[in-house]
Number of protein chains: 4
Amino acid sequence: MSDQPADSSTPLRLRRWEQRTEVPLFVASLFFLLGYALRVLVPDHTQPWRDLALTLVLATWLLFAADYAVRIRLSGQGLRFLRTHWLDTVVLVLPLLRPLRLIQVYTAVQRRRAQPRLSLYARVISYAGMTALLLGFSAALAVYHEEHLAPGATIRTFGDAVWWACATLTTVGYGDVVPVTPRGRTVAAGLMVCGLALLGAVTGSFSSWLVQVFTREDEKRPPGRG
Amino acid sequence: MSDQPADSSTPLRLRRWEQRTEVPLFVASLFFLLGYALRVLVPDHTQPWRDLALTLVLATWLLFAADYAVRIRLSGQGLRFLRTHWLDTVVLVLPLLRPLRLIQVYTAVQRRRAQPRLSLYARVISYAGMTALLLGFSAALAVYHEEHLAPGATIRTFGDAVWWACATLTTVGYGDVVPVTPRGRTVAAGLMVCGLALLGAVTGSFSSWLVQVFTREDEKRPPGRG
Amino acid sequence: MSDQPADSSTPLRLRRWEQRTEVPLFVASLFFLLGYALRVLVPDHTQPWRDLALTLVLATWLLFAADYAVRIRLSGQGLRFLRTHWLDTVVLVLPLLRPLRLIQVYTAVQRRRAQPRLSLYARVISYAGMTALLLGFSAALAVYHEEHLAPGATIRTFGDAVWWACATLTTVGYGDVVPVTPRGRTVAAGLMVCGLALLGAVTGSFSSWLVQVFTREDEKRPPGRG
Amino acid sequence: MSDQPADSSTPLRLRRWEQRTEVPLFVASLFFLLGYALRVLVPDHTQPWRDLALTLVLATWLLFAADYAVRIRLSGQGLRFLRTHWLDTVVLVLPLLRPLRLIQVYTAVQRRRAQPRLSLYARVISYAGMTALLLGFSAALAVYHEEHLAPGATIRTFGDAVWWACATLTTVGYGDVVPVTPRGRTVAAGLMVCGLALLGAVTGSFSSWLVQVFTREDEKRPPGRG
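Rules of the game
Residues numbered from 1 in each chain as written. Chains lettered and ligands numbered in written order. Predicted model: local features only at pLDDT ≥ 70, side-chain atom pairs only at ≥ 80, totals over all residues. Heavy atoms only, no water. UniProt positions renumbered as here; feature names shortened; annotations may be inferred. Helix = DSSP H or I, 4+ residues; strand = E, 2+ residues; numbered from the N terminus. Patch = residues over 30% accessible without salt bridge, like charges linked within 9 Å, V, L, I, M, F, W, Y side chains within 5 Å. Areas by Shrake-Rupley, 256 points an atom, 1.4 Å probe, with all protein chains shown as cover. Salt bridge = Lys/Arg side-chain N within 4 Å of Asp/Glu carboxyl O. Buried < 20%, exposed > 50% of the residue type's maximum accessible area, 1.4 Å probe, protein only. Polar contact = N/O pair within 3.5 Å; in protein donor to acceptor, adjacent residues only side chain to side chain. Contact = heavy atoms within 4.5 Å. Phe/Tyr/Trp six-rings, centres within 6.5 Å; stacked < 30°, edge-to-face > 60°.

Student: I'd like to hear about the UniProt feature "transmembrane region" (unreviewed entry) in chain A, residue by residue, with values.
Tutor: The sites that carry the UniProt feature "transmembrane region" (unreviewed entry) are, in the present numbering, residues 23–41, 53–70, 120–144 and 187–211 of chain A. Across residues 187–211 of chain A one finds 100% helix and 0% strand; the C-alpha atoms that close the span lie 36 Å apart.

Student: Account for a nonpolar patch on the surface, with residues named and values stated.
Tutor: Residues and elements named next belong to chain A. On the surface, Trp86, Val90, Val93 and Leu94 cluster together into a nonpolar patch covering about 380 Å² of accessible area. Topologically, Val90 is positioned in helix α4 (residues 86–93). On the accessibility criterion, Val90 (34% relative accessible area) is partly exposed.

Student: Now, about the pattern of salt bridges: what can you tell me, with residues and values included?
Tutor: Per the stated rule, a full pass over the model turns up 24 salt bridges over all chains. Between C:Arg185 and B:Asp160 there is a salt bridge, with the nearest N and O atoms lying 3.0 Å from each other. With C:Arg185 in helix α8 (residues 182–219) and B:Asp160 in helix α7 (residues 158–169), the pair connects residues from two separate chains. Exposure remark for B:Asp160: the relative accessible area of 13% places this residue in the buried category. Linking C:Arg71 and C:Asp67 is a salt bridge whose minimum nitrogen-to-oxygen distance equals 3.5 Å. Of this pair, C:Arg71 and C:Asp67 both sit in helix α2 (residues 47–75), four residues apart, which is roughly one turn of that helix. The class for C:Arg71 is buried, based on a relative accessible area of 3%. In the salt-bridge network here, residues are joined through shared partners; they are A:Glu18, A:Asp67, A:Arg71 and A:Asp88.

Student: Outline the side chain of D:Thr181, supporting the account with residue identities and numerical values.
Tutor: All names here are of chain D. Within the element layout of this structure, Thr181 appears in the loop between α7 (158–169) and α8 (182–220). Note on Thr181: relative accessible area 16%, which makes it buried. At 2.7 Å, the side chain of Thr181 forms a polar contact with the side chain of Glu147. Within the local environment of Thr181, its side chain forms a polar contact with the backbone nitrogen of Gly184, the two atoms lying 3.1 Å apart. Ignoring anything within four residues of it in the chain, the contact list for Thr181 reads Glu146, Glu147 and Ala150.

Student: Break down the packing of aromatic side chains for me, with residues and values.
Tutor: What the rule picks out here adds up to 20 aromatic pairs over all chains. When the centroid spacing of 5.5 Å and the interplanar angle of 70° are considered together, the rings of A:Tyr68 and A:Phe81 count as edge-to-face. Highlighted residues: A:Tyr68 in helix α2 (residues 47–75) and A:Phe81 in helix α3 (residues 80–84), separated in sequence by 13 residues. One exposure class covers both A:Tyr68 and A:Phe81, and it is buried. When the centroid spacing of 5.9 Å and the interplanar angle of 80° are considered together, the rings of B:Tyr144 and B:Phe158 count as edge-to-face. Of this pair, B:Tyr144 sits in helix α6 (residues 120–147) while B:Phe158 is found in helix α7, placing the two residues 14 residues apart along the sequence. An identical accessibility class is assigned to B:Tyr144 and B:Phe158; each is buried.

Following this line, the structure appears as structure tokens:
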């Protein structure tokens, strides 16, 4: 849960660092995803592209590591930082999970704006929907990477992987294409758990919003039998 | 979300236009669906029926386009209208999504009535259920259209397509019949996302209604241990 | 929804009739289910059992029809009764849906007791769970009846049908055994829609109950950081 | 539901016994699970390990039985205890369901602490998530045990069983690996029902937590259009 780690117990300098780096790091994580996508999707014989992709992945990951080191330093907690900011630690080791930090980016962006443009439910839906989208895309890449050459695999093209990710995130689960390798299945299990919670948030918020719209409609008219 | 676009920021003439055209346009969209269904379901050699269907589809779509043009004009926003009314824009390009505008039809119909006949939950359930039904039927048509002649397809009859749409909307997802073409899968992904949210609203409202019924039962008796 | 049909707008005599007959009719509906189960599950050559089953089904159905006729009479509404009590009308034509009336049985039983023994959530869960159980069992019977002799069927034994009903009600939907005939699929679609809403109520109530237990735990201790 | 059985209606000595034994018994149930896992997973020819596993399972089960007997004695209820503590009775017969009692362990642990370290939602999520994890692992073991030698089975390795448990708990239900024996399917149906409710609690709490975070964000700024 890591309920607002940047609150009262955090040193001021760390908080400032986090506010300033949050958006650049989010952009860097998009470049990381781009590099990973290139690396996975580009055919083997196009060497220059693959080298570029690898460079992109390594450079952005070094950036994440540097940010992590600076934050350990600024926090003054030493190794205890690994435990108190466990989500950041996980995200450093598995950068494809970075979209999960989107809520902190959102907070950082909001702080600069005067007021929110969207209603509460719209913000929850757009936040959770976007995180689900990025996680789903990352999972489709990772599963395609693990599966497409495995013997007996049903996920053979990237289109299959995206189709699989859609069916998984919405819990429909047709089972026409499924991961068969242990690593592919591990990624899939992660997607199920993370994605389900996010999709649950979207569905729940949409349901609440719909009830709100209908309630507001009631209030505009003279009270009836209801 | 497009939270009541026809409120305070909308010119009066646009609002009146929308109130007057909402129901006729909804009827037109049912004719569009009928035309599309005829076009898709009628066998190839029955030329007169197919021509009628095509005429119906084109005529109703021209009506939608004309309404859209009038509304751009009345809004006085020019091309900014495309962004502020993005749901209308999407619906113009993909008229099969028109059921999503049902909530505005509902609002327009309600405005003429003195008071709602149904309880809040019943209205949410009937609105979301009806939208889900229309979207499911449209998706079944579109998927049948894309799939039934594809090599290796499992959706071969319209009955298969309806069965697939049921299993998808309820997230059961047996996977005995699934789309295999890229376009069929795109339609399917759209149905999952739209439909899930609507079904979530139905389930959530039903659950709340049930709790309400039981709570009311409690209030009728002297307070006990609870 | 048929929000408490037996309230203020109902004649007193009809209300009394409903209170008195509700429980006997529920018992009769269990006999109906038993008869139907015997008819479906007993092998073809055991004639006496099949005759008994048929008698049971017909006798109980005649009871339901007689009750329905008496209620039309007592209501003084004539044919309008078919519309105002549409759930009862549906249940008369398809007696396997009778468990849906369980909420009225519950209300009738509660009226005789001094106070509820269970908490609100426990009652919603037990009501919805029991309805889901009865509907699932009925659907398994009906699907087994339609499917077990169909060409290409995967539901061959009653055990398969029960397994299919479990996977459908919980929306897991493995798809290893699925109905293939149009009538079997129609029953399945009905089970998905009815069952999902009921299971949604169970899940939602359980979730609320769990939050309540943890909240109560908080209140027992001196207020902390929380 | 068995709403806090250890409250006012329970004799003081029974309550003390339960508070003292809850944590040791939970540790014993982890050993039971370990023993069962060893017994199921270790190959047939490694006799010493299998004997150790059997000893572990029997010893811990005797511990559970002894605790149950002491509690019947202390309660002074005699055989009525079987009904009033039906969850405990079920758990004694099927010790793999013991994780369901985790909520009582949690309560016992909390009582010793000054105040909760986590927010309400975080506690519900961690409780329900951990129970779901333990139940899923137990079900994977049991299903693997029943299935892996059955003719026509698709669950052949323990990895398959874990993969199946993930897909079942999240209601994705691919259906690529499914139990085929009656006993395996019974375990599966139990996992669906128990697990779904727990996962529903996790999803619901996460959704509520997300809305809370966004609401808190609103309160920090001057009230806007919202």
